[in-house]
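So you can see what is in the structure, the chains are spelled out below.
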Amino acid sequence: QQQKQQQEEDAELLGQRQDRLRHPECTDEDLIALFLKQAQVAAATAPAAGSLAVRGLFNQGNTCFMNAPLQMLLRLDPTQQLFRTVFECGLLQRPALAARAPLLSCLLPLFLRMDKQHSAKASSLSADAVYKHSCQHFLPLREAQGQQHDAEEFLGFVLDSLHEELRQLGQDQAGAADTNDQAPAAAQQEDADGWMEVGAGSKSAVVRHVSSHDTAVSQLFGGRLRSSLVVGKNKSVTTQRFFSLQLDIRKDNIVTVEDALRESLSVESIDDVQNGAGRTVAATRQLLLDQLPSILVLHLKRFVYDGQRPRKLRKDVAFSQKLCLAPGLLSPSAQKLYSAKDRTYQLKAVCYHHGGSLHTGHFTANISTPDGWIVFDDDSTWPASIFNTTAMTPEKQAYLIVYQRI
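Cut-off values and rules
Along every chain, residues carry numbers that run from 1 in the direction the sequence is written. This being a predicted model, a pLDDT of at least 70 is required before a residue's local features are given, and a value of 80 or more before pairs of side-chain atoms are given or counted; all residues contribute to the totals for chains, interfaces and linings. To obtain the side-chain values, all non-hydrogen atoms of the structure were used and water was disregarded. For helices the rule is a DSSP run of H or I covering at least 4 residues; for strands it is a run of E covering at least 2, with both sets numbered from the N terminus onward. Burial here depends on accessible area, computed with a 1.4 Å probe over protein chains only, as a share of the maximum for the residue type. Under 20% is buried, over 50% is exposed, and the range in between is partly exposed. Note on contacts: a residue pair qualifies if any of its non-hydrogen atoms lie within 4.5 Å across the two residues. Using a 1.4 Å probe, the Shrake-Rupley method yields the accessible areas, and only the shown protein chains count as cover for residues. By definition, a salt bridge exists where a carboxyl oxygen of Asp or Glu is found within 4 Å of a side-chain nitrogen of Lys or Arg. Each pair of strands is called paired provided DSSP finds at least two bridges between the two strands. Here, nonpolar core means buried Ala, Val, Leu, Ile, Met, Phe, Trp, Tyr and Cys residues that are tied together by side-chain atoms lying within 4.5 Å of each other. For helices, the fitted axis covers only the stretch in contact; all axes are lines through C-alpha atoms, and the angles between them, taken along N-to-C directions, range from 0 to 180 degrees. Angular relationships are summarised with four words: roughly parallel below 35 degrees, roughly antiparallel beyond 145, roughly perpendicular across 65 to 115, and oblique for the angles in between. Three classes are used, and their members are as follows: Ala, Val, Leu, Ile, Met, Phe, Trp, Tyr, Cys and Pro are nonpolar, Asp, Glu, Lys and Arg are charged, and the others, Gly among them, are polar. For every residue, the pLDDT score states the predictor's confidence, bounded by 0 at the bottom and 100 at the top.

### Here we look at the overall build of the protein
Helix and strand content of the protein: 14 helices and 16 strands. Buried positions account for 47% of the 406 residues belonging to the protein. A sequence separation of at least 24 residues applies to 70% of the contacts in the protein between residues at least 6 apart. If you sum the accessible surface of the protein, you get close to 19,800 Å²; carbon and sulfur atoms cover 50% of it.

### Describing the pattern of salt bridges
A full pass over the atoms with the stated rule returns 11 salt bridges. Of the charged contacts, one joins Asp28 and Arg94 as a salt bridge, the two residues approaching to 2.9 Å between their closest N and O atoms. Taken as a pair, Asp28 in helix α2 (residues 28-44) and Arg94 in the loop between α4 (77-89) and α5 (95-98) lie far apart in primary sequence, 66 residues in all. Between Arg262 and Asp259 there is a salt bridge, and its shortest N-O distance comes to 2.5 Å.

### Quick look at the pairing of strand β15 (residues 380-383)
By the bridge criterion, 4 bridges tie strand β14 (residues 372-377) to β15 in an arrangement that is antiparallel. Following the sheet pairing, Val375 is matched in β15 by Trp382. The antiparallel pairing of β14 with β15 creates a hairpin that spans 2 residues between the two strands, and Asp378 there sits at a positive phi of about 55°.

### Some thoughts on the nonpolar core
Ranked by internal contacts, the top residues of the largest apolar core, which has 72 residues, are Leu70, Leu110, Val130, Phe154, Phe221 and Phe363. With 35 residues, the next largest nonpolar core counts Tyr345, Trp373, Val375 and Ala384 among its residues.

### What to know about the environment of Val255
Counting through the fold element by element, Val255 comes out in the loop between β5 (245-248) and α12 (257-264). Classification of Val255 by relative accessible area gives partly exposed; the value is 44%. Counting along the chain gives 60 residues from Val255 to Lys315, while the straight-line C-alpha distance between them is 8.2 Å. Apart from residues lying up to four places away in sequence, Val255 is in contact with Asp316, Val317 and Ala318.

### Focus on the packing of helix α3 (residues 64-75) against helix α6 (residues 102-114)
At their nearest, the axes of α3 and α6 sit 11 Å apart, and the two run at 70° to each other. Classified by the angle between their axes, α3 and α6 sit roughly perpendicular to one another. Note on element contacts: α6 touches α3 through Leu107, Leu110, Phe111 and Met114, opposite Leu70, Gln71, Leu74 and Arg75. Split into classes, the residues belonging to the contact of α3 with α6 amount to 6 nonpolar, 1 polar and 1 charged.

### Observations concerning the confidence of the model for the protein
Residue-level pLDDT values for the protein average 86, and 85% of them are 70 or greater. Low confidence marks residues 179-204, where pLDDT is under 50. Its contacts with residues over four positions away, or in another chain, come to 23 contacts.

### Observations regarding unusual backbone geometry
Backbone geometry places Asn62, a non-glycine residue, at a positive phi of 60°. The phi dihedral of Asp378 falls on the positive side, at around 55°, and the residue is not glycine.

Okay, structure coming up:
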């Protein structure tokens, strides 16, 4: 009965009644085309300040790994703009279209309940619909409900799922519009074959690009890494999209986020590599940033595996309110593309891990809002400051750091 009532409330919030439909003259595919166009514009436009009420999320049994990332995601100004575009377009008013974007259909009512334009309440909320969807589709939760899981893995699941839902809607719309099928095939062939890149000394390398159709989600959160592998005299380069940048913090000399970036994007020697003749040859690998995201999520890899169980690194890693990415972290082409301003980011949110292990710890988030910094600890919220957001304490350690390009 409670689930049915929740579904009816969600339908009312979304306006799923025939007399409230926006763009009733549009076919489903025309409405998808309209939404995709507006979403791309929204992702590329400087967002207005958000207007979400400060409302916590109830813990439904070790669901802090879900609550903290959801609060961060929903409260970023660009994602608020995207969700409002979804609502105002009326895409999810039509049940047939809502069924093609199941996670988006769970998140939008939650967002609307937080939005001051649609709800005057200030009490905590339940993310029950998101949890039930995740129980079916988020593999760690599907295999072990009621246990603690990884906030970074869950955030990745949400971003990947939203990206895939929007990508699939775009493909369905393009197919319905009877577009030329040869263009995507040609593009895929070009990606498969790669292209030649000329580097220092006129040496060339084959560059292979792991392609992915852009969506509003990848426009906001998607960066691209360039991985170069040098084996003897041969060099190959691949590029791959990321939604969160993984930073290794194990070494003792890593005491700041900038240190972790330099270490993770430095040249690495690879041992015991053999060439075609079976001889051991020198080999190196390096990652560089090839495309910068509008929203940069840094993942401090605090859990390392010793045997079968993860061990937490509780070391302090300092970070500040502003982050300027050094040119040396970028690929040669990216260095030409991004100015110093383009490489400068403002701190927007931090997800912390409390406790000594992944399975028994707790996740909270400090988030920048129009009302100042706020701590979100499941259904509890209270004011914070930039000082206690960036301060290092024994009780909690930064796990996910979210920056937005200035």
